[in-house]
Every structure is written in C-alpha cells, then in structure tokens.
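# Reading the structure
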Amino acid sequence: MNYFLTEEQQMIKELAAKIAEEKIAPVAIQYDEEGKFPHDIMKVLADSDLCGVYIPEEYGGLGGGILEMALVVEELSRACGGISLAFAGTGLGTFPIILFGNDEQKQKYLPDIASGKKLAAFGLTEADAGSDAAGVRTTAVLDGDEYVLNGTKQWITNGGEADVYTVVACTNRSKGARGFSAFIVEKGTPGFSFGKKENKMGIRASCTSELVFENCRIPKENLLAREGMGFIVAMKTLDRTRPGVAAQALGIAQGAFEEAVKYSKQRVQFGQPISSFQAIQHILADMAIQIEASRALVYQTCRFIDSGAKDFSKESAMCKVFASDTAMKVTTDAVQVLGGYGYMKEYPVEKKMRDAKITQIYEGTNQIQRNVIALELIKEFSKK
Amino acid sequence: MNIVVCVKQVPGTMEVKMNKETNTIIREGVEAIINPFDTYAIEEGLRIKEQTGGRVTALSMGIPAVAELLRSTIGLGVDEAVLLSDRAFAGADTLATAYALSKGVDKIGNVDLIICGKQATDGDTAQVGPSLAEKLGYPHTTYVRKIEEIRDGYIRCQRMTEDGYEVVEMPLPAVITVVKEINEPRLPSLKNMMRAKKAVINVWTADDIGADKNLCGLKGSPTQVVKTFVPVHEIESEMIEGDAAEQAKKLAEKLMTMKFPVCG
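Procedures and definitions
Residues numbered from 1 in each chain as written. Chains lettered and ligands numbered in written order. Predicted model: local features only at pLDDT ≥ 70, side-chain atom pairs only at ≥ 80, totals over all residues. Heavy atoms only, no water. Helix = DSSP H or I, 4+ residues; strand = E, 2+ residues; numbered from the N terminus. Buried < 20%, exposed > 50% of the residue type's maximum accessible area, 1.4 Å probe, protein only. Contact = heavy atoms within 4.5 Å. Lys, Arg positive; Asp, Glu negative; His and termini not counted. Charge placed at Lys NZ, Arg CZ, Asp CG, Glu CD. Areas by Shrake-Rupley, 256 points an atom, 1.4 Å probe, with all protein chains shown as cover. Domains from an automatic or database assignment. Buried area = accessible area lost by both parts, 1.4 Å probe. Salt bridge = Lys/Arg side-chain N within 4 Å of Asp/Glu carboxyl O. Polar contact = N/O pair within 3.5 Å; in protein donor to acceptor, adjacent residues only side chain to side chain. Nonpolar A, V, L, I, M, F, W, Y, C, P; charged D, E, K, R; others polar. Pairing = 2+ DSSP bridges. Expected span 1.5 Å × (residues − 1). Core = buried A, V, L, I, M, F, W, Y, C linked by side-chain atoms within 4.5 Å. Phe/Tyr/Trp six-rings, centres within 6.5 Å; stacked < 30°, edge-to-face > 60°. Patch = residues over 30% accessible without salt bridge, like charges linked within 9 Å, V, L, I, M, F, W, Y side chains within 5 Å.

Before going further, it helps to examine the overall build of chain B. Within chain B, the secondary structure is distributed over 6 helices and 13 strands. Along the longest, intermediate and shortest principal axes, the C-alpha atoms of chain B span 70 × 45 × 40 Å. Looking at the 264 residues of chain B, the share that counts as buried comes to 43%. A sequence separation of at least 24 residues applies to 70% of the contacts in chain B between residues at least 6 apart. Counting 31 positive and 37 negative side-chain charges, chain B places the centres of these two groups 4 Å from one another.

This paragraph deals with the overall build of chain A. Across its full length, chain A carries 11 helices and 10 strands. Once local pairs closer than 6 in sequence are excluded, the contacts in chain A between residues at least 24 apart make up 75%. Approximately 16,200 Å² of chain A is accessible, and the part contributed by carbon and sulfur atoms is 54%.

Residues and elements named next belong to chain A. Along its sequence, chain A is organised into domain 1 (7–119), domain 2 (121–229) and domain 3 (231–383). On the side of domain 3, 33 residues touch domain 1, which itself brings 28 residues to the contact. With both chains or domains summed, domain 1 and domain 3 bury close to 2,300 Å², and 66% of this area falls on carbon and sulfur atoms. By the criterion of area lost to domain 3, the three top residues of domain 1 are Ile66, Glu74 and Arg78, representing 25% of everything that side buries. The tally of links from domain 1 across to domain 3 stands at 3 salt bridges.

Turning to the pattern of salt bridges, a few remarks are in order. Residues and elements named next belong to chain B. One pass over the structure, following the stated rule, counts 43 salt bridges over all chains. Between glutamate 68 and arginine 71 there is a salt bridge, and its shortest N-O distance comes to 3.2 Å. Note that glutamate 68 and arginine 71 are positioned in helix 2 (residues 66–76) at a spacing of 3 residues, about one turn of the helix. In this structure, the salt-bridge partner of arginine 159 is glutamate 166, at a minimum N-O distance of 3.5 Å. The class of arginine 159 is partly exposed, set by a relative accessible area of 22%. Since its relative accessible area comes to 38%, glutamate 166 is described here as partly exposed.

Glancing now at the interface of chain B and chain A. Residue-level contacts link 11 residues of chain B with 17 residues of chain A. For the pairing of chain B and chain A, the buried interface totals around 1,100 Å² over both sides, and the portion due to carbon and sulfur atoms is 74%. The three residues of chain B that bury the most area against chain A are Leu187, Leu190 and Met194 of chain B, which together make up 52% of that side's buried surface. One can count 2 salt bridges joining chain B with chain A. The salt bridge partner of glutamate 184 of chain B is lysine 23 of chain A, with a shortest N-O separation of 2.7 Å. Remark: the boundary between chain B and chain A carries 5 residue pairs in polar contact (both at pLDDT 80 or more). Per-class residue counts for the side of chain B that touches chain A are 6 nonpolar, 2 polar and 3 charged.

Attention now moves to the side chain of glutamate 44 of chain B. All names here are of chain B. When you line up the elements, glutamate 44 lands in helix 1 (residues 36–52). One buried charged side chain, glutamate 44, makes no salt bridge at all; its nearest oppositely charged neighbour is arginine 47, positioned 5.0 Å away. The residues contacting glutamate 44, other than those within four sequence positions of it, are Ile115, Ile147, Ile182 and Asn183.

Residue and element names in this part refer to chain A. For strand 4 (residues 164–170), the tally of buried residues reaches 7 of 7 residues, placing the bulk of the element in the interior. Of the two faces of strand 4, both are covered, the one formed by Val164, Thr166, Val168 and Cys170 as well as the one formed by Tyr165, Val167 and Ala169. In this sheet, strand 4 lies alongside strand 1 (residues 120–123) in parallel orientation, the contact comprising 4 bridges. Within strand 4, the position partnered with phenylalanine 122 by the bridge is threonine 166. Here 7 bridges tie strand 4 to strand 5 (residues 180–186), and the two strands are oriented antiparallel to one another. Within strand 5, the position partnered with valine 168 by the bridge is alanine 182.

What follows covers helix 1 (residues 7–24) of chain A. The end-to-end C-alpha separation of helix 1 of chain A is 24 Å, in line with the 26 Å expected for 18 residues at 1.5 Å each. In this structure, the buried side of helix 1 of chain A is in contact with helix 2 (28–34), helix 3 (39–47), helix 4 (66–79) and helix 8 (278–306) of chain A together with helix 5 (190–198) of chain B.

A separate point is the nonpolar core. Across soluble globular proteins, you tend to see nonpolar side chains buried next to one another. Among the nonpolar cores identified, the biggest contains 114 residues, and Leu50 and Phe87 of chain A are the most heavily contacted of them. The leading source of residues in this core is helix 7 (residues 230–266) of chain A, at 12 residues. Those residues within four positions of leucine 50 of chain A in sequence are excluded, and the remaining contacts are Ile12, Leu15, Ala16, Ile19, Leu45, Val72 and Phe87 of chain A together with Leu190 of chain B. Counting residues in hydrophobic clusters, the runner-up holds 38 residues, among them Val5, Ile42, Ile48 and Leu70 of chain B.

Residues and elements named next belong to chain A. Under the counting rule described, the total for this entry stands at 13 aromatic pairs over all chains. Judged by centre distance (4.8 Å) and plane angle (15 degrees), the ring pair of phenylalanine 192 and phenylalanine 213 falls under stacked. With phenylalanine 192 in strand 6 (residues 192–197) and phenylalanine 213 in strand 7 (residues 208–219), this residue pair connects regions lying 21 residues apart in the sequence. The exposure class of phenylalanine 192 is buried, given its relative accessible area of 8%. A relative accessible area of 2% means that phenylalanine 213 is categorised as buried. Here the aromatic rings of tyrosine 263 and tyrosine 341 are separated by 6.2 Å at their centres, their planes lie at 55 degrees, and the arrangement is tilted. With tyrosine 263 in helix 7 and tyrosine 341 in helix 9 (residues 313–343), this residue pair connects regions lying 78 residues apart in the sequence.

With that settled, the discussion passes to a nonpolar patch on the surface. Residues and elements named next belong to chain A. Residues Leu377, Ile378 and Phe381 make up a contiguous nonpolar surface patch of about 310 Å² in total accessible area. For phenylalanine 381, the position within the fold is in helix 11 (residues 366–383). Judged by its relative accessible area of 56%, phenylalanine 381 falls in the exposed class.

Spelled out as structure tokens, the structure:
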C-alpha cells in the first residue's frame, strides 16, 4: 500500500527500519530476557537525529508531528515493542511541554530531548488512579516560590531512566479533577526517588517504576500551564500519544506477521511447506488484512491530528483500540502458525504476543477507549 | 585535517557475472553496495574529522550509477563526494585505477590522509591502496587496526599482523588501508540524509583531472585477463555418523573399498 508519505517521512521510516533491523532485532530476545534498558539503542537513535522528529524546529527538533513519531515507533516496534518504548515513553513525557509549556520551559527542556541527550517520562497513574484518573492522590502545595510534592506514582514508563518527568498532582482537593496541576520534575531533585522496578509479562526492555515524592520541592516555574489545568494537560497529551501506542501495536503485529510468513515458507510438513496449506494461508491473509486496516487508521488519525484538528479524542481512541486488538490477535495467530516453535523463547513470536498485550491496557484500557468513543458518538448524534 | 576516503562499488551478491569478451565484471543490473571494508574507512575518516576538524571527501572511480552510492556516504556525514567517471576509465586494472585515483586526489588538493578499505570483496587484490600511495609518492601502511595518534604532519598507527600488530609512524600526507577491527561503522543520520538528498555529486572525467588516457582503463592496464570462469564444485561429500570408534571403522572400510594404493 502506498500511503503517500512525504520524502522526509519516507526517510524517517527507512532510517528507523534500518536501526530496527541492524541494531534492535539482534538483541531483542536478550534484552527481553534480562530486562535490560536499551541505553545503547537510544544512543544510536540520538546519533541518527530521530529523537526529535516530533519536536518543533525552534527547539532543536525536526518539526514533524504525530505521524513522524508514529513512523519511528512502528518501525522500532517491528523489531522490539519494549525497546521502542524508551522512545515512545519519552514522547509521552514531552508532549505536555510541547503543548502547554511556556517558551522558557520549552527552551530549557526540549533541545536536550530532541538531541537524545535526555529521556522523558509521564507520571499520571497511581495505585488508586488508573482508568479513573481523577483518583490522583499525589499533592503539590505552594510554599513560597516552591511547590512541595508528596505521593507515589505507579507503573511509570522510563521511570528511573528518564531525566525529565511531567507529573500530575492535586493542588486543590475540593475541586476534584479541576484541582489537578501538571509539573515538570527533574531527576535528582531532593525528595524525588524511584521505587521498585516492575517485573513485567512483556515490554521487558522498557523500565517501569514507581516515582516517589517525599517533600520534594520544585521551583514554581515548573508548573505547566496554570493551576487546575493538570487534568486537561493529561487528557490532551494522551489524545496525541494514543496513536503512538497504536503505532507500537502496529509494529509488533507487522513484526509477528513477517516471522509467520517466513516460517510458513520454510517449515515442511507432509512433504511441503506449510504455506501451501489453505489453513495457514487464510491465517496469513487475515493477519495482512487486519494489519493494513490498522495502518490505514493509524496513519490517517495521525494526519488528522497533524492537520490542526481541534477535537480528535474519538479518532485517537479508535486507532488505539483497533491497532492494539489487532496486535493481540495477529501475534497470537503468529504463535499458532509457528506451532510448538512459536511457544518457545528461542523464536521471536511468543515475545511479541507478550509485548502486544500491554497495548490493550495502557494509556487507557480499550474498555475506557470504547467509553470515550461511545460518549463522543452520543454527543454527535444528539446534535443532529 | 583533509581526508579522502576511497570507495568502491562491489556487487552485493556472491554470484558475480563476467563479460566473456572483456573478462571484466558486469556491474550493470546487479545490486551494488559499497565495498564492506570501505565502510570502515569512511567511519575512520569521520572519526578523525570529529577529533581534528577538517573535511572528508569520498572518492570513487566507476560507472555513473556509483554516484548514488556516493550519495549514501554523505548520509553518513561525508562532506563531499567525487566520482571519476569516463569511458576512458573502463576496464582498468589496479594500476590504472590507482593512477586515475591519484589524479583525482591531486585535483581535490591539500590532502593530509587517504583511507582505503584493506581490499575489495570482488577483486580481493588489496593493491589499489598501496599503488595509489606509490603514484602519489606518499608513504603508506596497510591493515591498520587502530590509529594511536594523528596530528598535523604525523600519524602513528597499529598495523595488524598474523600474530599481533606493528606500530608504524609516518609523516603526512600518507595512505592507510584499514581492517574491520578498527571501528564499528555508524548508521546514517536524518539530517545528513536530507543533506545527501540535495547534494551535488561531483563527476570528473579523465580530462577534468588531467589524466593521460593511455594510462587509464584497459589501455593503461598491463594486467591481461586471459580467461575467467566460475569454479564448479563437483565434490560429493558424505557425513559419517556414529561415535569416534564407529566413524573410524566406517571410514576405514570405505577407504579400503576405494582401492587407494596407500590403503591397499
């Protein structure tokens, strides 16, 4: 399929694919096994200028948008859905600054993220604030020229590895979700530490940790937007980064599909390659159909957002749901095509199946996404 | 530091086709890649430049299509690329190639260091680097695995040998040929790829570099390839299974039936 990418987007995709094939694929199984954070791969990404594809040019980036970010995530995820997350998680932590940061904040943080010198992370989820994001307990209290943060964030991608964290905390409990505010917190700030590193089913090369704030004092200049805007900062950010999760799912599915096709042509049973059996052919055909449909929806959603659209929660949720459900199905089928070998860790598809699962869960479960979609639908239809 | 890296286009496959009349490699219609050893030369050139400043120029002699390969070297960070391309260069052996390259280097001018891969994967001669040095009257060191020090007018490097390495000092300008142990080549960067897209690849003819056409191409090549052929592998092999004693027994039986005098 020709998606009519610009010359620049095509170059980004090819370069990311080259890095995935030459640098990531050879280490993906090992990093998964060891739960090793891909510092070396991030260095390669930094040297190749890919870290800043979605960051405005005036802050050292390439000036691309969500599509450019998605293209990189997709290609990296083809080789490893965990390693790609060091890049994608940084995007999630950076968008609050791109969208709501003032010029000073952008000048201070974006160039280092664009050059790949620093990684970022986003801290919203807590033990009691998952799908119900309004359950955030972490507090920020203004004391003179500083905010004092207390509380614990949970399951934070790039936690402990990132240098820049955008964190949502409660500044006014009585106002509910309107009492949340978003802050930039730098690694190394006294009172800011990291809890246990999670032992996960998949995306094991990605680091997931707690962020612990104990009387952590940050300058009040680190407030993003205004007090009370935290929930909006989070929601607007997630609307933009969900296509990133979708792209991760898309890449994982594509990678699994390629392994399944390759294997089916090599594996001989009953005297012929299993790709000659209709039972296998139909599985492969279904995989290809779903992946292509997923890609079309993801790219088009990205383009819609990049066109300057104002309201795209529904589309963003749709592409995340569709691509992640597709990834789960395709990777499961890939294991089936590889049969017993597919179930073994020496072969790359069982990992892809484990990696795929999280895309149905994080940045809003697919059930929450369906709520968002349905709500928007009802709103639209009540206007007619 | 002004660095020239010599780059050769080689077939990206092991199935090399020959022109039966001229006994030269058919390069048209075959996937072309940069000679893998030259990628280490490019990387080393870029590293020296990052350390000392200056320029890296990629230089090749070949058919016009080689310009696209040279473009990819700009994507890696090379500043400028020069292709020597002229019908007069066709059919060159290593001597005529070295001559043409030396004239190219003369025209580039003010060169401090020339880096070549240790050999090309198609011809495997390893002659062009040293011949180029002779043509230019520069000292050279082959099989360099590490540059220990490089500064104005001076280079000290480790030359790989079968059982270790030698430390060689040379005045600059000089030529080195490098082995794959010297570094790990980088991948292109987006900014350089964009620069490459727009870059103009300089294409110089024999006249442009003031080359004597009698010393170029087939005419200037004392090497006469009389015949080429692809070796046919007709040896049948058989694996003998079992533990050592069993294998030895089976092997002995087999040899005995083969009526070799020594086994008689």
